[in-house]
Structure formats: C-alpha cells, structure tokens
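Below, each chain spelled out in residue letters.
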Amino acid sequence: NTNDFKYSKIAEQLQSMQKIVVALIAVAAVLGFLVFMLILTFRIRGRMQEAGILLAVGKPKQRIIGQFLIEAMILLWIGFLVAIIIFLPLADTFDSITQSTIHKNYLQPDFLHFVILFILENLGVLLTVLVCSGAILSLKPKEILTKMS
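Quantities reported herein were computed from a predicted structural model and do not represent experimental measurements.

Asker: Help me understand the nonpolar core in this model?
Answerer: One broad rule of soluble globular proteins: the nonpolar side chains tend to lie buried together. Leu 40, Ile 44, Ile 64, Phe 68, Val 125, Val 129 and Ile 136 are the most contacted members of the largest nonpolar core, which has 18 residues in total. Where this core is concerned, the elements lending two or more residues are helix H1 (2-45), helix H2 (48-56), helix H3 (61-102) and helix H4 (111-132). Considering every element that reaches this core, the biggest residue donor is H3, with six residues. With residues near it in sequence (within four places) discarded, Ile 136 still touches Met 48, Ala 51, Leu 55, Lys 61, Phe 68 and Ile 144.

Asker: Would you mind going over a nonpolar patch on the surface with me for this structure?
Answerer: On the surface, Ile 70, Ile 74, Trp 77, Ile 78, Val 82, Ile 86 and Leu 90 cluster together to form a nonpolar patch covering roughly 680 Å² of accessible area. Inspection of the secondary structure assignment puts Trp 77 in helix H3. With relative accessibility at 42%, the residue Trp 77 sits in the partly exposed group.

Asker: Which parts of the structure should I look at to understand the packing of aromatic side chains?
Answerer: What describes a pair of aromatic rings is the distance from one ring centre to the other and the angle between the planes of the rings. The final tally for this structure, using the stated rule, is three aromatic pairs. Judged by centre distance (5.0 Å) and plane angle (55°), the ring pair of Phe 80 and Phe 118 falls under tilted. Taken together, the positions of Phe 80 in helix H3 and Phe 118 in helix H4 put the pair 38 residues apart, joining distant regions of the chain. You can call Phe 118 partly exposed: its relative accessible area is 28%. Residues Phe 87 and Phe 114 carry aromatic rings whose centres are separated by 5.9 Å and whose planes lie at 90° to one another, so their mutual orientation is edge-to-face. Of this pair, Phe 87 sits in helix H3 while Phe 114 is found in helix H4, placing the two residues 27 residues apart along the sequence.

Asker: Teacher, can you tell me more about H4 here?
Answerer: Every α-helical turn comprises 3.6 residues, leaving residues that sit three or four positions apart pointing alike. Spanning 22 residues, H4 covers 31 Å between terminal C-alpha atoms, matching the ideal 32 Å at 1.5 Å per step. Considered for burial, the residues of H4 that qualify are Asn 122, Gly 124, Val 125, Thr 128, Val 129 and Cys 132. Summarising the axial view, the buried residues of H4 lie within an arc of 160°, below the 170-degree limit, and thus occupy one face. H4 presents Leu 112, Leu 120, Leu 127 and Val 131 as exposed residues on the side facing more than 90 degrees away from its buried surface.

Asker: Explain H2 here, please?
Answerer: Here H2 has its buried residues at Met 48, Ala 51, Gly 52, Leu 54 and Leu 55. Projection of H2 onto a plane perpendicular to its axis shows the buried side chains occupying an angular sector of 165°, all on one side.

Basis of the calculations
- All chains use their own residue numbering, which begins from 1 and follows the written sequence.
- Residues qualify for local features only when their pLDDT is at least 70, as the model is predicted, and side-chain atom pairs are given and counted only at 80 or more; totals for whole chains, interfaces and linings, by contrast, use all residues.
- No hydrogens and no water enter the side-chain calculation; it runs on all heavy atoms of the structure.
- Joining through side-chain atoms within 4.5 Å is the link that ties buried Ala, Val, Leu, Ile, Met, Phe, Trp, Tyr and Cys residues into a set, and such a set is a nonpolar core.
- We call a residue buried when its accessible area falls under 20% of the maximum for its residue type, exposed when it is over 50%, and partly exposed in between, using a 1.4 Å probe and counting protein chains only.
- Secondary structure elements follow DSSP: runs of H or I no shorter than four residues count as helices, runs of E no shorter than two count as strands, and numbering proceeds from the N terminus.
- Residue contacts follow a heavy-atom distance rule, with two residues in contact if any of their heavy atoms lie within 4.5 Å.
- The residues that make up patches have over 30% relative accessible area and no salt bridge, and they are joined within 9 Å when like-charged or within 5 Å when they are Val, Leu, Ile, Met, Phe, Trp or Tyr.
- Areas reported here follow the Shrake-Rupley algorithm with a probe of radius 1.4 Å; residue values treat only the protein chains shown as occluding.
- Basic side-chain nitrogens of Lys or Arg form a salt bridge, by our definition, when they fall within 4 Å of a carboxyl oxygen of Asp or Glu.
- Within 6.5 Å between ring centres, the rings of Phe, Tyr and Trp (the latter by its six-membered ring) count as paired, and their orientation is classed by plane angle as stacked under 30 degrees, edge-to-face over 60, tilted in between.
- An expected span of 1.5 Å times one less than the residue number is assigned to each helix.
- Think of the arc as the fan of directions from the helix axis to the C-beta atoms.

The values are spatial; any link to function lies outside them.
Here is the structure:
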C-alpha cells in the first residue's frame, strides 16, 4: 500500500513535469517561428531594390515572389530535416531512460505529427512571404527604385 502511494505521487509529479515540458516546447516553437518570420521579413525588405530591378527588366511580380518563396521553403525543409535527424536519436535515448524507470514513452516519434507540423510551418512561411512581399505587389518598379535611392 505504501509503494502504491509512493508510485502515485511520483506518477503525478511526472505528469505535471510532462505538461510543463509540452508547454515549454510549444513556447519555444512559437518563439522560434516568430524569430524566423522576423528574419524573413528583414531579408525580403532588404531585397526590395533587387525586386525593383527585376520588375524593371520585365520579370512578373509573381515570379519574383515565387523566387523568395522557394528560397524560404528550401531553408525550412533543410531545417526541418536536420531537426528530425537530431530528434530521432534523442527521443530514443530519452524514451529508453524513462521506459526503464517509469514504464512510459513520452517522446514517441509520430509520423502524423511530423506531417501536421511540416504543413503548418510551410503555411506560415507562405503567409510570411506573401505579407512581406506586399510592397512588391503594390508598388511599380520605378516607385520601388526611387524609394531605395
């Protein structure tokens, strides 16, 4: 009976720790994505003169924004791949530790969650590129180039 009581207390503490870890992961993910959006915003704004020149030589606005989008997506995909490569061995290590002590796996790799996260991140990058490219869409090449001079 005493062992059951001790076990239930330890289990409660581990469940509260799991909630804290999930909250920290969510906060870190949101902050990381906000930093990525900020960097992407500055990067696209810093390339306004390039966009103005490309527009002046006849490149369509959609093609320029598409180029920005492809560049951002490639960075996202590489980062996502590196994160998965790092996550899988760490998850196995952590799960082997927790499995031996509390008989529960907390970090089971789940393909569905990876896909959902990947789709949401791609949508976020798409939205960020479109919002940041608003000046390209709304201004004419001459206006973009005169603003930069």
